[in-house]
Amino acid sequence: AHVLALAAPNVRIVEFGAGSGHLGLLLAFLRPDAEVVLVEAKAYSAPVARERVRQVGLSNCRVFHGTLDDYAATEEAFDLATGLHACGLLTDAILGLAVRRRAAACVTPCCYGQVAALKEDHHRGEGTAPRAQPLSAALSEALAEEENGQAYA
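Given the structure is predicted, the values throughout are model-derived calculations rather than measurements. Per chain, residue numbering runs from 1 following the sequence as it is written. With the structure being a predicted model, the display of local features is reserved for residues of pLDDT at least 70 and the display and counting of side-chain atom pairs for 80 or more, all residues being used for whole-chain, interface and lining totals. As a convention, hydrogens and water are excluded, and side-chain values are obtained from all of the structure's heavy atoms.

Now for helix α2 (residues 22-30). With a 1.4 Å probe rolled over the protein chains alone, any residue whose accessible area is under 20% of its type maximum counts as buried; one over 50% counts as exposed, and the rest are partly exposed. In DSSP terms, a helix is any run of H or I states spanning at least four residues, a strand is any run of E spanning at least two, and both are numbered starting from the N terminus. Every buried residue of α2 is listed here: Leu23, Gly24, Leu25, Leu27 and Ala28. Contact definition: two residues touch when any of their heavy atoms are within 4.5 Å. On its buried face, α2 sits against α1 (2-6), β1 (12-16), β2 (35-40), α3 (45-56), β3 (61-65) and β4 (80-87).

Laid out in structure tokens, this is it:
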């Protein structure tokens, strides 16, 4: 509902980490005036999303197979960036791209265990280096306390 509230008439919405398109298909259906782009890096998910777009017959929705960085390199304009269950680094990458493009953003993160670059870089955007993420000072402090064996409330 919040994404729809942010969407002006004739908006261009980009869903990053779209998977098979659950959110983007719904947005395209509910807002026929909008152009919706589903960005998905996984080779097995993008064709499923394309087929779902075709089956539903949405002329205002298309799939971009590639990463957030690949999409950003196209320099296509958009008004609203979104992501549902945007895993760890992807959440920060979506927000970063939206800020750079002066676009609105509505993101629901997940996989909080991957937010800090304590694990491998999953190539989900922004070329993160160890300890470069998360961007939140509060979460960085909490993770540092956990690493030092301190419990926090």
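What follows picks up the thread again.
Once that is clear, we can look at the nonpolar core. The nonpolar side chains of a soluble globular protein tend to be buried, and buried together. Residues belong to one nonpolar core when they are buried, are Ala, Val, Leu, Ile, Met, Phe, Trp, Tyr or Cys, and are joined through side-chain atoms within 4.5 Å. In this structure, Ile13, Val36, Leu38, Val53 and Cys61 are the most contacted members of the largest nonpolar core, which totals 20 residues. Going through the elements one at a time, α2, β2, α3 and β3 are the ones with two or more residues in this core. Ranked by residues supplied to this core, first place goes to α2 with four residues. Aside from chain neighbours lying at most four places away, what touches Val53 is Leu25, Leu38, Leu58, Cys61 and Val63. Grouped together as the second largest cluster of nonpolar side chains are 18 residues, Leu68, Tyr71, Ala98 and Ala103 included.

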